[in-house]
Amino acid sequence: MTLQQEIVGNAMQMAVVNLRPGQTVYCEAGKFLFKTTNVTMETRLSAPSGNGNGNGSGQGGGGGMGGLLRQAMGTAMQVGQRALAGESLAFQYFTSQGGEGTVGFAGVLPGEMRALELDGTRAWFAEKDAFVAAESTVDFGIAFAGGRTGMSGGEGFVLEKFTGHGTVIIAGAGNFIDLDPADFGGRIEVDTGCVVAFEEGIQYGVQRIGGLNRQGLMNAVFGGEGLSLATLEGSGRVILQSLTIESLANALKKAQGGDKQGPTGGLFSTHAG
């Protein structure tokens, strides 16, 4: 069943989730806002396996010491992947007891939120830190875009992957726009920091802006985009955001008198964090 939720607010949206008795929703640590007293909260290192019980083992049957060892190894592998990706190591699980309950979640930046419905036929991929919360029937994983793509694209190297059935809530910065590359000749090119999420079937890549010539260097140095753009090809839903974390960080540094970017654009700018 679809998660009963409502996204409220404008500049900084939040998701208010209504849980049925016994229903569980989980979020990345740091995204929880409030809950009713009949909703229990538990912090775990494991992510749900998509089977609806939220135990995160992902191993199916098999008990005894062997089952416990497989579960421990699976959890350790999940934690290792998230640590390598720079993601939160823990998840918080919320379950309604003795009646309906309410839980509130939010992202970490001023911007929009979106509820995606998974029917088991297509996975969704999202940029790192986009995940807010999901039903326990949705499996959370880490996907790597590949060495060459990741090294040249920066933000695109690590992706969050959602599979299974149910609702997953994501957040981004600024306003969202939904596009389908098929409506634009099958391919669009965007700032690498503008990609929020896209459906399975969309080919994600990174390309250099122009060649290593005068115009290519002008684009990289003075255009503020660095050396690469993200490419999205195929047919499917793509969600972009109007505000990038880098542009927000640069605006804050400039307001504090610490922006040393000057005329060199994004290539030689200092990155927050």
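All of these numbers come straight from a predicted model, not from anything done at the bench. (Residues numbered from 1 in each chain as written. Predicted model: local features only at pLDDT ≥ 70, side-chain atom pairs only at ≥ 80, totals over all residues. Heavy atoms only, no water.)

## Some points on the pairing of strand β2 (residues 14-19)
Taken together, the five bridges between strand β1 (residues 4-8) and β2 define a ladder with antiparallel strand orientation. If you follow Gln-5 over to β2, its bridge partner there is Val-17. Two successive antiparallel strands, β1 and β2, enclose a turn made up of five residues, where Gly-9 displays a positive phi of approximately 100 degrees. Bridge analysis of β2 against strand β7 (residues 101-106) gives six bridges, and the strand direction is antiparallel. Residue Val-17 lies in a different strand from β7, and its bridge partner there is Val-103. (Pairing = 2+ DSSP bridges. Helix = DSSP H or I, 4+ residues; strand = E, 2+ residues; numbered from the N terminus.)

## Notes on the packing of aromatic side chains
The tally for this structure, following the rule as stated, stands at twelve aromatic pairs. A centroid spacing of 5.5 Å and a plane angle of 75 degrees characterise the contact between Phe-94 and Phe-105, whose relative ring orientation is edge-to-face. Note that Phe-94 is positioned in strand β6 (residues 91-96) and Phe-105 in strand β7, a separation of eleven residues in sequence. Both residues of the pair, Phe-94 and Phe-105, count as buried. Taken together, the aromatic side chains of Tyr-26, Phe-91, Tyr-93, Phe-131, Phe-140 and Phe-162 make up a single cluster linked through ring pairs. Taking the ring centre of Tyr-93 as reference, the NZ or CZ of Arg-44 above it sits at 3.9 Å. (Phe/Tyr/Trp six-rings, centres within 6.5 Å; stacked < 30°, edge-to-face > 60°. Buried < 20%, exposed > 50% of the residue type's maximum accessible area, 1.4 Å probe, protein only. Lys NZ or Arg CZ within 6 Å of the ring centre and 35° of its normal.)

## Remarks on the pattern of salt bridges
Under the counting rule described, the total for this entry stands at nine salt bridges. We note a salt bridge from Arg-237 to Asp-178, for which the minimum N-O separation is 2.9 Å. On the criterion of sequence distance, the pair formed by Arg-237 in the loop between β17 (228-233) and β18 (238-241) and Asp-178 in strand β13 (residues 176-179) is long-range, its members being 59 residues apart. Overall, Arg-237 belongs to the partly exposed group, its relative accessible area being 30%. (Salt bridge = Lys/Arg side-chain N within 4 Å of Asp/Glu carboxyl O.)

## Points about unusual backbone geometry
Residue Asp-129 is not a glycine yet carries a positive backbone phi of 80 degrees. Residue Asp-129 is classed as partly exposed on the basis of its relative accessible area, which comes to 34%.

## Notes on helix α4 (residues 245-255)
Every buried residue belonging to α4 is among Ala-249, Asn-250 and Lys-253, and all of these are buried. Down the axis of α4, the smallest arc covering the buried residues is 100 degrees, so these residues share one side. In α4, the exposed positions angled more than 90 degrees off the buried face are occupied by Lys-254 and Ala-255. Among the residues trailing α4, Gly-257 stands out with phi positive, at a value near 80 degrees. (Arc of directions from axis to C-beta.)

## A look at the nonpolar core
Grouped together as the largest cluster of nonpolar side chains are 22 residues, with contacts concentrated most on Tyr-26, Phe-131, Phe-140, Phe-162, Val-168 and Ile-170. Among the elements of the structure, β6, β8 (113-119), β9 (124-127), β10 (131-135), β11 (138-144), β12 (158-171) and β15 (195-199) are those that each provide at least two residues to this core. Among the elements that make up this core, the one with the highest residue count is β12 (four residues). Excluding its chain neighbours within four sequence positions, the residues that come into contact with Phe-131 are Tyr-26, Cys-27, Glu-28, Lys-31, Phe-91, Phe-140, Glu-160, Phe-162, Val-168 and Ile-169. In this structure, Ala-143, Leu-179, Ile-202 and Tyr-204 belong to the second largest nonpolar core, which totals 16 residues. (Core = buried A, V, L, I, M, F, W, Y, C linked by side-chain atoms within 4.5 Å. Contact = heavy atoms within 4.5 Å.)

## A short note on the side chain of Glu-160
Mapped onto the secondary structure, Glu-160 falls in strand β12. One buried charged residue, Glu-160, remains without a salt bridge, the closest side chain of opposite sign being Lys-31 at 6.3 Å. A polar side-chain atom of Glu-160 sits 3.0 Å from the main-chain amide nitrogen of Phe-131. (Lys, Arg positive; Asp, Glu negative; His and termini not counted. Polar contact = N/O pair within 3.5 Å; in protein donor to acceptor, adjacent residues only side chain to side chain.)

## Side note on the sheet that holds β1
Across the sheet, four strands lie side by side as β1-β2-β7-β4; this open sheet has antiparallel pairing. The open sheet has two edge strands, β1 and β4 (32-35), and neither has a second partner. Across the sheet, the mean angle separating the axes of adjacent strands is 20 degrees when strand polarity is ignored. Pairing analysis gives three bridges linking β4 to β7, with the strands arranged antiparallel. Within β7, the residue paired with Phe-34 across the bridge is Gly-104. (Axes fitted to C-alpha atoms, helices over the stretch in contact; angles between N-to-C directions.)

## A closer look at the sheet that holds strand β14 (residues 187-190)
The antiparallel open sheet is built from three strands, whose spatial order is β14-β17-β16. Both edges of this open sheet fall to β14 and β16 (203-208), since each of them pairs with a single strand only. Looking at each pair of strands side by side, their axes are set apart by 30 degrees on average, direction ignored.

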